[in-house]
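Below are the chains, spelled out letter by letter.
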Amino acid sequence: EVVTDVILKIPTLTWYYWAEKITATTFGETFADMWSQTLGLGYSTTSAIMMSIFLVCLCFQLYVKRYVPPLFWAVMVTSSIAGTLFSDFIDRTLHWGYALGMGVLLSILVVILGIWKLTGLHMNVEGAMCRKQEFLYWAAILVSNTLGTALGDFMADSLELGFAIVAGSIGAILVVCALLAKFTHFNRVVLFWVAFILTRPFGATFGDLMTKDTEAGGLDLGTGWASLVIFFLFMIFFAYELYTLWKAKKEKESTQLSQSDASDVE
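## Details of the overall build of the chain
Within the chain, the secondary structure is distributed over nine helices and two strands. Across the chain, helices and strands are ordered from the amino to the carboxyl terminus as α-β-α-α-α-α-β-α-α-α-α. Counting every position in the chain, which comprises 266 residues, the buried fraction comes to 45%.

Right, here's the structure in full:
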């Protein structure tokens, strides 16, 4: 029991996990744009600030010995924001372009997952992890968020597919991934990382759809209002997760109490 509590750091992959992930990434897109564009801080300054916040949250996440939902999602959200800013920095400041940027990021992700595989540690992406696994997990998360952002921007801007078409296309692929996970024995780790990468452009595209002006095919809601709406949606799913964890805890306590009473009678 104690050991399980010590190493249980990553949530189960439920439907509300993915709902939280998508809304967190969408919030990352709109919130990062608000700081870098609306507030005029620029990509370099905003990236440095958000990366610092991400690293602080990550240090706390690696330090704790159990799953703490607010802390876990703080790391996820800040990694999403940092990923958005890194993608913009690569394309607009370094002028690498989306294609080269995606190639470099994909190579880095493959290297991280390859190192993880070579450690001999399991690559299950939910539940129990040691700190080495968790460090590799978050490194892959950060790169995946950055890669996903670049992919979404490449499809919407460079290929000029438009926000709605990109979101619909990626959404269809995500549905296929979900069906494969539920009805086949396809490698769950591969499906997770494919889905994780794709939820980033899926969320980012919705973020752009909400914030970009009408001439660009957006709804022109502004980064501030869009961030507020998306954060509210995230909090709904987050509250539901907390409720399910509380309910499971009460059911476990009730079962243990019943077993204890039965043992006393015997």
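Here the narrative resumes, following the displayed structure.
## Here we look at the nonpolar core
Ranked by internal contacts, the top residues of the largest apolar core, which has 51 residues, are Phe72, Met76, Trp116, Tyr137, Trp138 and Trp193. If you list the elements that add at least two residues to this core, you get helix 2 (15-38), helix 3 (43-63), helix 4 (69-93), helix 5 (98-118), helix 6 (131-158), helix 8 (188-211) and helix 9 (223-265). In this structure, tyrosine 137 is in contact with Ile10, Tyr17, Phe72, Met76, Trp116, Val125, Met129, Phe192 and Trp193, ignoring residues within four places of it in sequence. Formed by ten residues, the second largest nonpolar core is a distinct cluster that contains Met155, Ala156, Phe163 and Ala167.

## Remarks on helix 4
When the terminal C-alpha atoms of helix 4 are compared, their 35 Å separation across 25 residues agrees well with the 36 Å that a helix rising 1.5 Å per residue should span. Positive backbone phi, approximately 60°, marks histidine 95, located one or two places after helix 4.

## Some thoughts on the environment of threonine 12
Relative to the helices and strands, threonine 12 is located in the loop between strand 1 (8-10) and helix 2. Judged by relative accessible area, which is 52%, threonine 12 ranks as exposed. In contact with threonine 12, other than residues within four places in its own chain, are Tyr17 and Glu126.

## What to know about the confidence of the model for the chain
Low-pLDDT stretches of the model should not have their predicted coordinates read in fine detail. Here the chain averages 82 in pLDDT, while 89% of its residues score no lower than 70. When mean pLDDT is taken per element in the chain, helix 5 scores highest with 91 and helix 1 (residues 2-7) scores lowest with 41. pLDDT under 50 marks residues 1-6. Its contacts with residues more than four places away, or in other chains, come to five contacts.

## Here we look at a nonpolar patch on the surface
Nonpolar side chains collect at one region of the surface, where Leu94, Trp96, Leu100, Val104 and Ile108 lie side by side and expose about 410 Å² of accessible area between them. With respect to the helices and strands, the residue isoleucine 108 is situated in helix 5.

## Some thoughts on the pattern of salt bridges
This model, assessed by the stated rule, comprises one salt bridge. Taking the shortest distance from any N to any O, the salt bridge between lysine 250 and glutamate 253 comes out at 3.9 Å. Separated by three residues within a single helix, lysine 250 and glutamate 253 lie in helix 9, roughly one turn from each other.

## Quick look at the packing of helix 6 against helix 8
Where helix 6 meets helix 8, the closest approach of the two axes is 8 Å, and the angle between their N-to-C directions is 45°. Comparing the axis directions of helix 6 and helix 8 gives the class oblique. Both helix 6 and helix 8 take part in a crossing whose hand is right-handed. Between helix 6 and helix 8, the residues in contact are Tyr137, Ala140, Ile141, Ser144, Asn145, Leu147, Gly148, Thr149, Leu151, Gly152 and Asp153 and Phe192, Trp193, Phe196, Ile197, Leu198, Arg200, Pro201 and Asp208, respectively. Per-class residue counts for the contact of helix 6 with helix 8 are eleven nonpolar, five polar and three charged.

## With respect to the side chain of threonine 26
Among the secondary structure elements, threonine 26 is positioned in helix 2. The residues contacting threonine 26, other than those within four sequence positions of it, are Gly203, Phe206, Gly207 and Ile230.

## Focus on the environment of threonine 146
You can see threonine 146 is positioned in helix 6. You can call threonine 146 buried: its relative accessible area is 3%. Between the alpha carbons of threonine 146 and isoleucine 90 there is a distance of 9.7 Å; along the sequence they are 56 residues apart.

Rules of the game
- Residues numbered from 1 in each chain as written.
- Predicted model: local features only at pLDDT ≥ 70, side-chain atom pairs only at ≥ 80, totals over all residues.
- Heavy atoms only, no water.
- Helix = DSSP H or I, 4+ residues; strand = E, 2+ residues; numbered from the N terminus.
- Buried < 20%, exposed > 50% of the residue type's maximum accessible area, 1.4 Å probe, protein only.
- Core = buried A, V, L, I, M, F, W, Y, C linked by side-chain atoms within 4.5 Å.
- Contact = heavy atoms within 4.5 Å.
- Expected span 1.5 Å × (residues − 1).
- pLDDT = per-residue confidence, 0-100.
- Patch = residues over 30% accessible without salt bridge, like charges linked within 9 Å, V, L, I, M, F, W, Y side chains within 5 Å.
- Areas by Shrake-Rupley, 256 points an atom, 1.4 Å probe, with all protein chains shown as cover.
- Salt bridge = Lys/Arg side-chain N within 4 Å of Asp/Glu carboxyl O.
- Axes fitted to C-alpha atoms, helices over the stretch in contact; angles between N-to-C directions.
- Parallel < 35°, antiparallel > 145°, perpendicular 65-115°, else oblique.
- Left-handed = near helix turned anticlockwise from the far one by under 90°.
- Nonpolar A, V, L, I, M, F, W, Y, C, P; charged D, E, K, R; others polar.

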